[in-house]
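Observations on chain architecture
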2 protein chains.
Amino acid sequence: MPATHPLAPVTPAEINAAAALIKAQFSPGTLIGFKSITLLEPEKPLVAEYLKAERENLPLPQLPRKAFVVYYLKSTGRPFDANVNLSTCKVEHNAPLGPFLHPNSDGYEIMKIEEAALSDLLVQAEIAKLQLSPDLEIVMDPWGYGSDGNGDEPRLFQCLLYVRPKGKVDANHYAHPLNISPVVDATTFKVIRIDRMPTGVNGAIKEPGKFEMQPESSYLPEDQDLRRDLKPLHVIQPEGASFKISRVGELGQRLEWQKWDFIVGFNQREGMVLYDIHYEGRSVLYRISLSEMSIPYADPRAPFHRKHAFDLGDAGAGTMANNLKLGCDCLGSIHYISGVLADDKGDPFDMPNVVCVHEQDNGIGWKHTNYRTGRAAIVRNRELVLQSILTVSNYEYILAFIFNQAGEISYEVRATGILSTQPIDLGVSVPFGTVVHPGVLAAHHQHFFSLRIDPAIDGHCNRLTYTDVEPYPHDEYFNPHGVGYRSFNTVVEKSGPLDLDISRNRVFKIENEHRRNPINGLPVGYKIQVPDFQKILAAEGSFHHRRSEFADHNLYVTRYREGELWAGGQYTFQSRGGNGVRSYAARKDAIVDEDIVIWVSFGINHIPRVEDFPVMPVEMLRVHLKPVNFFTKNPALDVPPSSQAVNRSELLTCDDKAADSCCIKSRGSPRL
Amino acid sequence: MPATHPLAPVTPAEINAAAALIKAQFSPGTLIGFKSITLLEPEKPLVAEYLKAERENLPLPQLPRKAFVVYYLKSTGRPFDANVNLSTCKVEHNAPLGPFLHPNSDGYEIMKIEEAALSDLLVQAEIAKLQLSPDLEIVMDPWGYGSDGNGDEPRLFQCLLYVRPKGKVDANHYAHPLNISPVVDATTFKVIRIDRMPTGVNGAIKEPGKFEMQPESSYLPEDQDLRRDLKPLHVIQPEGASFKISRVGELGQRLEWQKWDFIVGFNQREGMVLYDIHYEGRSVLYRISLSEMSIPYADPRAPFHRKHAFDLGDAGAGTMANNLKLGCDCLGSIHYISGVLADDKGDPFDMPNVVCVHEQDNGIGWKHTNYRTGRAAIVRNRELVLQSILTVSNYEYILAFIFNQAGEISYEVRATGILSTQPIDLGVSVPFGTVVHPGVLAAHHQHFFSLRIDPAIDGHCNRLTYTDVEPYPHDEYFNPHGVGYRSFNTVVEKSGPLDLDISRNRVFKIENEHRRNPINGLPVGYKIQVPDFQKILAAEGSFHHRRSEFADHNLYVTRYREGELWAGGQYTFQSRGGNGVRSYAARKDAIVDEDIVIWVSFGINHIPRVEDFPVMPVEMLRVHLKPVNFFTKNPALDVPPSSQAVNRSELLTCDDKAADSCCIKSRGSPRL
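Residues numbered from 1 in each chain as written. Chains lettered and ligands numbered in written order. Predicted model: local features only at pLDDT ≥ 70, side-chain atom pairs only at ≥ 80, totals over all residues. Heavy atoms only, no water.

**Quick look at the relation of the copies chain A and chain B**
For these two chain copies, the linking operation is a rotation about an axis paired with a shift along it. We apply this condition: The copies were overlaid with a least-squares fit restricted to C-alpha atoms from residues scoring a pLDDT of at least 70 in each copy.
For these two chains of identical sequence, chain A goes onto chain B by a turn of 180° and a shift of 0.0 Å along the axis, with RMSD 0.0 Å. The two molecules are tied by a two-fold rotation axis, judged by turn and shift. In terms of C-alpha distance to the rotation axis, chain A has Val235(A) as its closest residue, with the C-alpha 2.3 Å off the axis.

Below is the structure:
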């Protein structure tokens, strides 16, 4: 029997058991489609007690293993969710979802939607009007329908249509969007309507006419005149990496690196989840994960006004995780973590290499030279990276947790992939998008991310504060020259939304009031460094605004409640709002010196450039958690000095007299 | 005779010649102290013509070589500046500086100030009151006096005093600040006053009493219990680097890398300067350099109210540049560029290895996976880095220009080094600083940087615009669902200051109205991505505010004028404002489709943490220049795919059964 652990992901055997218990709730032969079978974490006080015992090598409490199951009846499409106790083999909760709640999409459903749309005779007739050249073929991206309150009670998909040269299966079809868009009912798998898309400056719709194929825009290497002057660069760790990994249960991992240790989980919704993060035995975070993304588009015209993706709730960061390839997605000495998810039949399936773990050098960590003696002290900034990459149809997200030796945790998002495109008449331009290719409009869109941080700074009893900085008033006694300024802390008393204010240099901090820094007596804490962003532009009361419950403020803080993990609500597909963090926070719970949760919002307003096509160069966003008076000195002080004896750099000779003045290894290069 | 080039730094022979020409202006035996002898760039139209001819392989115009010389008469301290024509051996301009203008400090002067203060009998008497233990000795950091309008007409220094254990020359004296501070006249080298520093909550001054030595706070590796579990990480380029370097004149360098090419200069004031930056033969920038830094402190009490460093104008980024060490400051395959500056006697002296040039891998550059076929296309993000490190007494700045393969130029600042400290009574805390060690206060301070960008986007005739984003009004016809939004461009008509506005997602762009993108007809351009910052807190009208002419806005734009290179004014030491970019911009020049200069301000308000002591972990700031409709597609599309055949990564086995579960190289690791 494999070791169990309350935070380890569900195992294949547990997936099978959970599916069987659900199936047993219905009469034999009932066809069930599974949406997800994931770990239902035990209640936090129980897990906290377990983790404490584990750290203190005390006898471990027995905690039941539970799975959370989302499924639907294939006959009716009716969705349910259920809590399954795997230890007692009992289904403890099992109920249909409430009104307007739809579970995530999945590969089976997407395939069925495509089939339904393409085999529909009216769709075929509409496509025939395009008089497509016989060397072209249709490609379809089904999108969740979104919400606008107009006949959107059924579960629906909006299909985006493109063409590609026949048989060129990896051609970039996003360079060839069509202006017809079938809407498919996902319960009946019937086309209920065919929308036509406006392609001019306003909402006017044109009768489909002959489609003029534009030049291709391939991103494949064989279609490029590749650069020939890029020399290889290898990252080598001759003694292996500096981290240790051990199993936690069957599928969890404990990672230890440079005084950090934590547990790595992986699930359908969030992908990577980190638990029980400690530094030198001191607790920092109980849990951290990406909670949701929201991507509303700018084009106000039907059917684009509904375009609004929630990539975690609608699809799943676990489900979409790439199988990472050595030497392609990750450079250096790499360890891979694999996951197991459930398919639509309730069977486990392997998700190999969904997380890569490696170290990277990020330049200098700290340096000082005594100018009197010339003696320099310097260390490099080694980082530990856990990276996962999602493909959500056209877009890619490269997500990483990064730890360093100075007690800092960063979360990095790199947005890349292909813009979601739509057709536009040649010669037309619009203020809500950019023409990126002939006949191709990339509409503006906002990307919002919610990073859920469940802190445990030296314990679970924490508070949120913010530090503002303001000038001293001009004062003949204390500030006669008008140059002084002061910082001061404000304690956040109630759950709710909060905003940055650069004019006051506002910085949010998570503090433990009961643990004081021995040097200066201030509470130990971590600050949150996050770039400000333009809040959601959709009007208050609009469906986009109601659904995107975290996109209107820089941060939300809530008091911990079991099951409150989802910034955009547990079910985001065609959601209508009211179930996410805005709603959790509206309770106005007292949160001073309580078990609190911080939801950090960040994002970009993507105004596309031609340079973002056909694939966009990464756009990077970073959230940093940095200790503030948590340690008694720079925690990276004990990093071994940066020295040539260890680093073995090479001196290049760049000599005019050399054949092509190219920089080559110096013959006398020291290899100490 | 060495080749000359109008943008190459002055050579040793030119330094000697310039100094000799200046000396010849005075009667024999006149003692002259030189502050700087640097390249005086020819007028821009002449250089532009030269660079054009160079690129087109046409006959090169003959341009005179000129030096700019700042010096003073040792007998009187009177400062002058001069333009010396090295081609004609004529001094073309030579005049004393105007009132309140002081040149930079230099090593000779600092040494003389230290001597003057330490040998002063009143200072010795004051120190005697501290009853220092005989195993301690005094260390002194002379600071430029700053300005407050009260008797600060003479050139003055304010000396900060510390102690260290006797003979421990690399001990961290900043952990032991004293509360007495001599003020020295830099013309007479006499102590004119001894200030006492307040050490309580207000401005009250105490009679110096017995000094209580606190524990040391060493940053030296031999004083740490160093981590023993960090494994080596090597960056290897087996075929050398991908860049080429050739000489430009005697001391300039032309760098070619991945379709980029530009000239690298180095001078006393700015350190690194890049000129004539082109991508694939297309002009992007004429010149880029750090123009100034300004660091005002928060403590309103005398004498701290004057603490305000301008590290370029007061000291010089060239003068302060570290001699970089292979394997310590730079990792991988490194090329070093050395410089030559002039000493106080007017003799050339070598500045070896002041810039390191290398490539680095910065993760994934772009990726897309076709979810239908599973085919992934992916490239890595290779960067070219030019790095220079400054030591300015206690602080360090790591400065880098970074180029990538997607047509982007970044400027990175890493702030590190030691906080400027002052004494504080035990048990006292104040809102304008943080106690970082017993008896040690690190006052809050703002760091402002001005990056001067002289653009030439497809030519010198450019405009500055900004793009704002705003929601469409609710409109039953066009925006019935309240979700639409639009972007629109505003042309900046006149020189002046400008500010970011995150609520409008404001992005500044430099555009060439006369060159249009063939895909969408929009003007070619580059956008400026820069983090917002809290503007200078010192009140308008205060000396800090008047002096720091770039710290009150996110950006200044001016019309190009010869010699206008200095955001904080040409002479910042004890400056009073009125000579920097705020003053240049106040002309309200017409700047649409003109030769414009962009001055990007950025910075941080440093509220110290205990973790920033004794040496602070790097705090990073980045400015990005990114193409916007400059190219016809993603310019990094032709980067060769990321593949194991080239990258040679290694698979780690992290096995529970291994001795310590440490991640080691997998035996079967592919090395294709």
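Picking up after the structure, the text goes on.
**Examining the sheet that holds strand S3 (residues 79-85) of chain B**
The strands making up a sheet are joined through hydrogen bonds of the backbone, oriented either antiparallel or parallel. Residue and element names in this part refer to chain B. As a reminder, the rule being used: Pairing between strands is defined by DSSP: at least two bridges between them are needed. Numbering of helices and strands runs from the N terminus, with a helix taken as a DSSP run of H or I at least four residues long and a strand as a DSSP run of E at least two residues long. For helices, the axis comes from a line fit to the C-alpha atoms of the stretch in contact; other axes are also lines fit to C-alpha atoms, and the angle between any two N-to-C directions lies between 0 and 180 degrees. By definition in these notes, contact holds between two residues if any of their heavy atoms fall within 4.5 Å.
The antiparallel open sheet is built from four strands, whose spatial order is S1-S2-S3-S4. The open sheet has two free edges, formed respectively by strand S1 (32-39) and strand S4 (90-96), since each of these has just one partner strand. Within the sheet, the average angular offset between the axes of one strand and its neighbour, ignoring direction, is 20°. Bridge count between strand S2 (residues 66-73) and S3: seven bridges; the pairing is antiparallel. What sits directly across from Val69, in S3, is Ala82. Contacts from helix H1 (residues 12-23) reach S1, S2, S3 and S4 within the one sheet, and its direction differs from that of S1 by about 135°.

**Overview of the interface of chain A and chain B**
Defined as follows: The term buried area means the drop in 1.4 Å probe accessible area that two parts suffer when joined, counted for both and summed. Two N or O atoms count as a polar contact when they lie within 3.5 Å, although within protein this holds only if one can serve as hydrogen donor and the other as acceptor, and sequence-adjacent residues are included solely when both atoms are side-chain atoms.
Taken together, the contact pairs 193 residues of chain A with 194 residues of chain B. Here chain A meets chain B over a buried area of about 15,900 Å², counting both sides, of which 55% is carbon and sulfur. Interface area lost by chain A to chain B is led by Arg227(A), His234(A) and Tyr485(A), which between them contribute 6%. The tally of links from chain A across to chain B stands at 110 residue pairs in polar contact (both at pLDDT 80 or more). Among the elements that make up the side of chain A that touches chain B, the one with the highest residue count is strand S17 (residues 348-369) of chain A (eleven residues). Sheet analysis places strand S33 (residues 650-653) of chain A next to strand S16 (residues 333-342) of chain B, joined by two bridges and oriented parallel. If you follow Leu651(A) over to S16(B), its bridge partner there is Ile334(B).

**Describing the UniProt feature "domain: Copper amine oxidase catalytic" (unreviewed entry) in chain A**
This is how the line gets drawn: UniProt positions are given in the numbering used here, feature names are shortened, and annotations may be inferred rather than shown by experiment.
Taken from the UniProt record, the annotation "domain: Copper amine oxidase catalytic" (unreviewed entry) applies to residues 233-637 of chain A. Helix makes up 4% of residues 233-637 of chain A and strand 50%, and the two end C-alpha atoms of the span are 30 Å apart.

**Some thoughts on the nonpolar core**
Worth spelling out the cut-off: Each nonpolar core is a collection of buried residues, namely Ala, Val, Leu, Ile, Met, Phe, Trp, Tyr and Cys, held together in the definition by side-chain atoms within 4.5 Å. The buried label applies to any residue whose accessible area, calculated with a 1.4 Å probe on protein chains only, is under 20% of its type's maximum; exposed applies above 50%, and partly exposed to all values in between.
One finds Leu386(A) and Phe403(A) to be the most contacted residues of the largest nonpolar core, which totals 98 residues. The leading source of residues in this core is strand S14 (residues 282-296) of chain A, at six residues. Counting 97 residues, the second-largest nonpolar core is a separate cluster that includes Trp260(B), Tyr297(B), Ile409(B) and Leu498(B).

**Some thoughts on the packing of aromatic side chains**
Definition in use: Two aromatic rings, drawn from Phe, Tyr or Trp (for Trp, its six-membered ring), form a pair once their centres lie within 6.5 Å of each other, and the interplanar angle then sorts them: stacked below 30 degrees, edge-to-face above 60, tilted otherwise. The criterion for a charge sitting over a ring is simple: Lys NZ or Arg CZ within 6 Å of the ring centre, and within 35 degrees of the ring normal.
Taken as a whole, this structure holds 45 aromatic pairs over all chains when the rule is applied. Taking the centre distance of 4.8 Å and the plane angle of 55° together, the rings of Phe401(A) and Tyr411(A) count as tilted. With a gap of ten residues between them, Phe401(A) in strand S19 (residues 395-404) and Tyr411(A) in strand S20 (residues 409-417) connect regions that are remote in the sequence. Its relative accessible area of 1% is what places Phe401(A) among the buried residues. Ring centres of Tyr395(B) and Tyr397(B) lie 5.8 Å apart, and the angle between their planes is 25°; on these two criteria the pair is classed as stacked. Comparing Tyr395(B) with Tyr397(B), the two get one shared label, buried. These aromatic residues form a ring-pair network of at least three members: Trp260(A), Phe262(A), Tyr279(A), Phe403(A), Tyr526(A), Phe630(A) and Phe631(A). Directly above the aromatic system of Trp566(B) lies the positively charged group of Arg269(B), at a separation of 4.2 Å from the ring centroid.

**Some points on the UniProt feature "domain: Copper amine oxidase N2-terminal" (unreviewed entry) in chain A**
Per the UniProt record, "domain: Copper amine oxidase N2-terminal" (unreviewed entry) is annotated on residues 5-93 of chain A. Between the C-alpha atoms that bound residues 5-93 of chain A the distance is 22 Å, and the span itself is 27% helix and 31% strand.

**As for the sheet that holds strand S8 (residues 190-196) of chain B**
All names here are of chain B. Ordered by their spatial adjacency, four strands build an open sheet running S5-S6-S7-S8, and the pairing between neighbours is antiparallel. The sheet terminates laterally at strand S5 (136-144) and S8, the two strands that pair on one side only. Taking the axes of each pair of neighbouring strands and ignoring which way they run, one obtains an average angle of 30° across the sheet. Here S5 pairs with strand S6 (residues 156-165) via nine bridges, running antiparallel. Residue Met140 lies in a different strand from S6, and its bridge partner there is Leu161. This element, helix H4 (residues 121-128), spans S5, S6, strand S7 (180-185) and S8 of the sheet and lies at about 25° to S8.

**Observations concerning the pairing of strand S12 (residues 260-267) of chain A**
All names here are of chain A. Counting buried positions over the eight residues of S12 gives eight, a clear majority of the element. As paired elements, strand S11 (residues 252-257) and S12 share five bridges and run antiparallel to each other. Counted as the bridge partner of Leu255 is Phe262 from S12. Adjacent in sequence and paired antiparallel, S11 and S12 are bridged by two residues, among which Gln258 carries a positive phi angle near 50°. Two elements, S12 and strand S13 (residues 271-279), share seven bridges in a ladder whose sense is antiparallel. Along S13, the bridge assignment pairs Val264 with Leu274.

**Regarding the pairing of strand S28 (residues 507-516) of chain A**
All names here are of chain A. Alignment of strand S25 (residues 463-471) against S28, held across five bridges, turns out to be antiparallel. If you follow Tyr466 over to S28, its bridge partner there is Phe508. Here S28 runs beside strand S29 (residues 523-529); their pairing, made up of six bridges, is antiparallel. The partner of Glu511 across the bridge, within S29, is Gly525. A loop of six residues connects S28 with S29, the two strands running antiparallel in sequence, and Gly521 in this loop sits at a positive phi of about 75°.

**Let's talk about unusual backbone geometry**
With glycine set apart, most residues show a phi of negative sign, and most peptide bonds adopt trans. Here Ala302(A) and Pro303(A) are connected by a cis peptide whose omega angle stands at 0°. Looking at where Pro303(A) falls in the secondary structure, it is placed in the loop between S14 and strand S15 (308-309). Cis geometry is adopted by the peptide bond preceding Pro614(A), which originates at Phe613(A) and carries an omega value of -5°. Although it is not a glycine, Asp458(A) sits at a positive phi angle of roughly 55°. A positive phi is found at Glu280(B), a non-glycine position, where the angle reads about 50°. Summarising the element assignment, Glu280(B) is placed in the loop between strand S13 (271-279) and strand S14 (282-296).

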